[in-house]
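The residues making up each chain are set out below.
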Amino acid sequence: MSDADSPTLRPTAMTNETYLYGGDQNVTSYHFCNPYVYKEAFVFYGILYPIVAILTVVTNILVVGVFLKQKMKSPTTTLLIGLAIGDAGVGAVTLPLHIYYHSLQNYRFTLEYPGCIFYHVAPVISTILHTVSVWVTTVLGVQRYLVVSHPFKGPKYCTIRASVIVLVYIYVFATAMYFPQFFYLNYREIVVNGGNGIVYQVCECWATDVPAVYEGKLKILKLSLAKLIPCIILAITTILLVRKLDKEARRSGSLHAERQSVNRETREARLIRRTSLMIVVIVVTCLVVEVPNGLRYLTRTINPEALDPETDLFLVAILNVCTLLNFHINFWIYICLSQEFRKTLRSIVCRWNKKYQKVHLMSQSSMRTTSDNL
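Residues numbered from 1 in each chain as written. Predicted model: local features only at pLDDT ≥ 70, side-chain atom pairs only at ≥ 80, totals over all residues. Heavy atoms only, no water.

### Section: the state of the cysteines
Thinking step 1. Under the definition given, this model contains one disulfide.
Thinking step 2. Cys-116 shares a disulfide with Cys-203; S-S distance 2.2 Å. One quick way to see it: the torsion about the S-S bond of Cys-116 and Cys-203 is about 70 degrees, and its sign makes the bridge right-handed. Taken together, the residues Cys-116 in helix 3 (residues 115–149) and Cys-203 in strand 6 (residues 198–207) connect sequence positions 87 residues apart. Accessibility classification places Cys-116 together with Cys-203 in one group, the buried group. (Disulfide = S-S within 2.5 Å. Helix = DSSP H or I, 4+ residues; strand = E, 2+ residues; numbered from the N terminus. Buried < 20%, exposed > 50% of the residue type's maximum accessible area, 1.4 Å probe, protein only.)

The following block contains the structure:
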């Protein structure tokens, strides 16, 4: 820990260098941690992002609660639970950061210690969970195609146990890929005496040797394994799945001439089509966001100077809000396309409402009794 007495703090935008002016106007240079500052930060990260993040966390908690019900358990819903946990995690991890630094506009000041550690660690955790969401969505598309295309062999391999194993592998893989980023910076507390008994605990940070060794490899891994390959698999499986569903719909319409068989086939086929349609919509909305994300990262990898810093930060802000919005939209996809999800959610909400009314009535009764005794 280093001490600096009676200085005036002057952070510089878009850099990690800050100057301390002592009473004799001698300048001491420190590599202080300063937030990224650009004019659109307050609108995107201070207003839009917290609103969407709160909605995303709440709705995905509801999704997990619904799919954990015994009657809702299946290989597909097991993967959807893993997806909801990752989506909610992205919003929950980054929400405190953006409220404190952007909603309250503390990004104008040098980062305090130990808040600076969270400022740099939270985006890494968010990136891990984002990668998890992309790969779980990819597995959902592949799983659904196998079940629809191979109705006899597919269910043998697409089991709840297999879904759990795949989720564990995805979470471990994503964590391992970005784990070195936790060690990109060193941190040190700087105690600043501001006079009049005011003391600031600010943070000095500087790069370690890890980025030089790992950053080049990470760009290749992130571009291929977190962007291009999942998007390609998602696009191919979606096209194949849509074609297969269309083919099955036409064939089922020409079979089973008897009315009873038609009704039975329609009931069975309707459940498969609705579940498959739900997965297709989830995959397509994921592609709508991830393709621009991948193109932006591909452009930056090929030519790091293709976009100036402010334009790149502005583009990243838009994509981040859109990504989080996509995580929230999944809830409404379930609402619109799954009757069983709606019924289970309604029963949970009604149960909570009954418990609330019971507690409220007991509280009122207790207050009346206390008033009568007085």
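### Details of the nonpolar core
Thinking step 1. One finds Phe-67, Leu-80, Val-136, Ile-282, Tyr-334 and Phe-341 to be the most contacted residues of the largest nonpolar core, which totals 40 residues.
Thinking step 2. Mapped onto this core, the elements with two or more residues apiece are helix 1 (41–67), helix 2 (75–103), helix 3, helix 5 (160–178), helix 6 (210–254), helix 7 (259–302), helix 8 (309–337) and helix 9 (339–373).
Thinking step 3. Grouped together as the second largest cluster of nonpolar side chains are 12 residues, Phe-44, Val-90, Ala-317 and Phe-327 included. (Core = buried A, V, L, I, M, F, W, Y, C linked by side-chain atoms within 4.5 Å.)

### Re the packing of helix 2 against helix 5
Thinking step 1. Put simply, helix 2 and helix 5 touch, their axes get as near as 8 Å, and they point 25 degrees apart. The pairing of helix 2 with helix 5 is recorded here as roughly parallel in orientation. The hand of the helix 2/helix 5 crossing is right-handed. Residue-level inspection shows Pro-75, Thr-78, Leu-79, Gly-82, Ile-85 and Gly-86 of helix 2 in contact with helix 5, the latter providing Ile-160, Ser-163, Val-164, Leu-167 and Tyr-171. (Axes fitted to C-alpha atoms, helices over the stretch in contact; angles between N-to-C directions. Parallel < 35°, antiparallel > 145°, perpendicular 65-115°, else oblique. Left-handed = near helix turned anticlockwise from the far one by under 90°. Contact = heavy atoms within 4.5 Å.)

### What to know about the packing of aromatic side chains
We describe a pair of aromatic rings using the distance from one ring centre to the other and the angle between the two ring planes.
Thinking step 1. On inspection of all chains with the given rule, the structure shows 12 aromatic pairs.
Thinking step 2. On the basis of an interplanar angle of 70 degrees and a centroid distance of 5.3 Å, the ring pair of Phe-179 and Phe-183 is categorised as edge-to-face.
Thinking step 3. Taking relative accessible area as the criterion, Phe-183 reaches 44% and is therefore assigned partly exposed.
Thinking step 4. Summarising the aromatic geometry, the rings of Tyr-334 and Phe-341 are spaced 5.5 Å apart at their centres and angled 55 degrees between planes, so their arrangement reads as tilted. (Phe/Tyr/Trp six-rings, centres within 6.5 Å; stacked < 30°, edge-to-face > 60°.)

### Topic: helix 1
Thinking step 1. Compared with an ideal rise of 1.5 Å per residue, which puts 27 residues at 39 Å, helix 1 spans 36 Å between its outermost C-alpha atoms and is within 8% of the ideal.
Thinking step 2. Tyr-49 marks where helix 1 bends most, by close to 40 degrees; the proline Pro-50 follows one to four residues later. (Expected span 1.5 Å × (residues − 1). Bend = angle between axes of the 7 residues up to and from the residue.)

### Brief notes about unusual backbone geometry
Excluding glycine, a negative phi dihedral is what most residues carry, and trans is how most peptide bonds are arranged.
Thinking step 1. The residue after Tyr-113, namely Pro-114, is reached through a cis peptide bond having omega 5 degrees.
Thinking step 2. Of note, Pro-114 is situated in the loop between helix 2 and helix 3.

### Thoughts on the packing of helix 1 against helix 2
Thinking step 1. Two elements in contact, helix 1 and helix 2, have axes separated by 7 Å at closest approach and are oriented at 150 degrees. On the basis of their axis angle, the class for helix 1 and helix 2 is roughly antiparallel. Between helix 1 and helix 2 the crossing geometry is left-handed.
Thinking step 2. The residue makeup of the contact of helix 1 with helix 2, split by class, is 20 nonpolar, nine polar and one charged. (Nonpolar A, V, L, I, M, F, W, Y, C, P; charged D, E, K, R; others polar.)

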